[in-house]
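The chain contents come next:
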Amino acid sequence: MNSGFEDISENIRRVRDNIGEALVRCGRDRDEVRIMAVTKTVPYERVNFAVSRGLSLLGENRVQEYLGKKEFYDSAAEVRFIGNLQSNKVKYIIDCVSEIQSVSSVSLAREISAQAKKHGRVMDILCEVNIGGEASKSGFSPEELHEAVCVICELDNIKLGGFMTIPPPGDSLHYFEKMQRIFEDEKASAPENADISLLSMGMSADYTDAVRFGSGMVRLGSAVFGSRNYSQ
Ligand SMILES: *Cc1c(COP(=O)(O)O)cnc(C)c1O
């Protein structure tokens with residue numbers, strides 16, 4: 001085959017093998033870990049090739065970039081939003097993503113709720129957890145998370161399904177373990193109308209470790225598409 005995208009085929013094969021091995025090694029081999037292909041800076045042709053190889057779940061970081069690419073995406077793609085989102089941009093994506101994983105404040109959740117209501121839909125969301133308490137990252141601190149979950153579950157037209165996190169660089173094992181504990185605690189204690197079932201955790205550098213600590217979805221950019229020209 002001469003598509004010019006053989007690197008992606010090879011990367012996908014390797015990623016699937018690695019996840020399969022990690023699941024067996026930690027005794028989760030009957031679980032499924034979904035792979036999200038993170039598309040920032042990647043031309044839509046390469047994204048569509050990944051979709052054709054079964055990575056139909058896409059993660060978008062930037063509203064403008066996504067709006068420019070979305071009409072070119074294969075119709076089999078399912079797009080979820082994972083980037084920093086300002087409240088005033090929610091209206092641009094409310095109708096063209098299936099989930100927003102980067103809900104980092106109650107006020108953002110309120111705006112998503114209001115826009116979803118306006119569009120007659122229910123938006124699936126994850127709360128982003130700033131597990132390392134880093135000033136450079138957004139998300140709820142572990143301490144404020146439970147109360148925020150309770151407030152968010154009262155809002156109309158959104159459905160909380162779990163959490164997304166990015167650990168501080170260098171010490172991901174410790175933070176994955178901490179995040180897994182919080183995930184299990186919230187599963188047990190969140191209000192009934194929440195369905196805390198998804199932990200979105202693990203990126204190209206650390207996804208096999210994230211699998212060990214209960215991740216249900218790994219978000220992979222460079223491990224699938226190769227290194228980016230610039231980082232975002
Ligand atoms: C860029 C990004 C990823 C993927 O990063 P890689 O290291 O290329 O796998 C995952 N999640 C979020 C929120 C990102 O911004």
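How each quantity is defined
Going along each chain's sequence as written, the residues are numbered from 1 onward. In keeping with the model being predicted, local features are shown solely for residues with a pLDDT of at least 70 and side-chain atom pairs are shown and tallied solely at 80 or more, while totals for entire chains, interfaces and linings include all residues. Side-chain calculation: all heavy atoms of the structure are included, whereas hydrogens and water are not. Accessibility here uses a 1.4 Å probe with only protein chains present; expressed as a share of the type maximum, an area under 20% marks a residue as buried, one over 50% as exposed, and anything in between as partly exposed. Numbering of helices and strands runs from the N terminus, with a helix taken as a DSSP run of H or I at least four residues long and a strand as a DSSP run of E at least two residues long. The arc in question is traced by the directions running from the helix axis to the C-beta atoms. Contacts between residues were defined by any pair of non-hydrogen atoms, one from each residue, lying within 4.5 Å. Expected span of a helix: the number of residues minus one, times 1.5 Å. One requirement defines pairing of two strands: DSSP has to find at least two bridges between them. For this purpose, a residue is taken to be near a molecule or strand whenever a single non-hydrogen atom of the residue falls within 4 Å of it. Any pair of N or O atoms that falls within 3.5 Å is considered a polar contact. Within protein, one atom must be able to donate a hydrogen and the other to accept it, and sequence-neighbouring residues count only if both atoms are side-chain atoms. All accessible-area figures derive from a Shrake-Rupley calculation using a 1.4 Å probe, and residue coverage is judged against the displayed protein chains alone. Amino acids outside the nonpolar list (Ala, Val, Leu, Ile, Met, Phe, Trp, Tyr, Cys, Pro) and the charged list (Asp, Glu, Lys, Arg) are all regarded as polar, and Gly is one of them. An axis is simply a line fitted to the C-alpha atoms; with a helix, the fit covers only the stretch in contact. Between two such axes, the angle follows the N-to-C directions and lies from 0 to 180 degrees. Note on terminology: angles under 35 degrees are roughly parallel, angles over 145 are roughly antiparallel, angles of 65 to 115 are roughly perpendicular, and the others are oblique. Left-handed describes a crossing whose near helix is turned anticlockwise from the far helix through less than a right angle; right-handed describes the clockwise counterpart.

(A) How the structure looks around helix α6 (residues 142-152). Residues of α6 that are buried: Leu145, Ala148, Val149 and Ile152. The buried side chains of α6 occupy one side of the element, clustering within an arc of 105° when seen end-on. Facing away from the buried side of α6 by over 90 degrees, the exposed positions are Glu143 and Glu147. Elements that come into contact with the buried residues of α6 comprise α5 (106-118), β5 (123-129), β6 (158-165) and α7 (172-189).

(B) Spatial organisation of helix α1 (residues 6-25). With 20 residues, α1 should reach 28 Å at 1.5 Å per residue; the first-to-last C-alpha distance of 29 Å fits that figure. Every buried residue of α1 is listed here: Ile8, Ser9, Asn11, Ile12, Val15, Ile19, Ala22 and Leu23. Axial view of α1: buried residues confined to an arc of 165°, hence all on one face. Counted as exposed and oriented over 90 degrees from the buried face of α1: Val24 and Arg25. Check the buried side of α1 and you find it contacts β1 (34-38), α2 (44-52), α8 (207-212), β8 (217-220) and α9 (222-225).

(C) A look at the pairing of strand β3 (residues 78-81). Sheet analysis places strand β2 (residues 57-60) next to β3, joined by four bridges and oriented parallel. Within the sheet, the bridge partner assigned to Gly59 lies in β3 and is Arg80. Note: β3 against strand β4 (residues 99-103), two bridges, orientation parallel. Within β4, the position partnered with Arg80 by the bridge is Glu99.

(D) Highlighting the environment of Phe163. Among the secondary structure elements, Phe163 is positioned in strand β6. Remark: the alpha-carbon pair of Phe163 and Val211, spanning 48 residues in sequence, is separated by 15 Å. Beyond its immediate chain neighbours, meaning those up to four positions away, Phe163 contacts Leu126, Cys127, Val129, Leu145, Val149, Met179, Phe183, Glu186, Ile196, Leu198, Leu199 and Ser200.

(E) Inspection of the site of the ligand at higher detail. Every residue near the ligand is listed here: Val38, Lys40, Asn61, Ile82, Ile166, Met203, Ser204, Arg219, Leu220, Gly221, Ser222 and Arg228. In this structure, Lys40 approaches the ligand through a side-chain N or O atom, which is 2.7 Å from an oxygen atom. At a separation of 2.8 Å, an oxygen atom of the ligand approaches a polar backbone atom of Gly221. Here the ligand, which alone exposes 390 Å², has 90% of that area covered by the protein. In the shell around the ligand, the residues fall into five nonpolar, four polar and three charged.

(F) Structural detail: the packing of α6 against α7. It is at 11 Å that the axes of α6 and α7 come closest, and there the two elements cross at 25°. By the angle between their directions, the pair α6 and α7 is classed as roughly parallel. With respect to the hand of their crossing, α6 and α7 are arranged in right-handed fashion. Of α7, the residues touching α6 (which contributes Pro142, Leu145, His146 and Val149) are Lys178, Ile182, Glu186 and Ser189. Split into classes, the residues belonging to the contact of α6 with α7 amount to four nonpolar, two polar and two charged.

(G) Expanded view of the environment of Asp171. With respect to the helices and strands, the residue Asp171 is situated in the loop between β6 and α7. Classification of Asp171 as partly exposed rests on a relative accessible area of 37%. Through-space distance from the C-alpha of Asp171 to that of Gly132 is 9.4 Å; in sequence the pair is 39 residues apart.

(H) Spotlight on the side chain of Glu99. Relative to the helices and strands, Glu99 resides in strand β4. When neighbours within four sequence positions are excluded, Glu99 is seen to be in contact with Val79, Arg80, Phe81, Met123, Asp124, Ile125, Leu126 and Leu198.

(I) Representation of the side chain of Arg80 in the model. With respect to the element layout, Arg80 can be found in strand β3. For Arg80, a relative accessible area of 10% corresponds to the buried category. A distance of 3.0 Å separates a polar atom in the side chain of Arg80 from a polar atom in the side chain of Glu78. Leaving out residues up to four positions away in the same chain, Arg80 has contacts with Arg34, Met36, Leu57, Leu58, Gly59, Glu60, Val97, Ser98, Glu99, Gln101, Leu198 and Met217.

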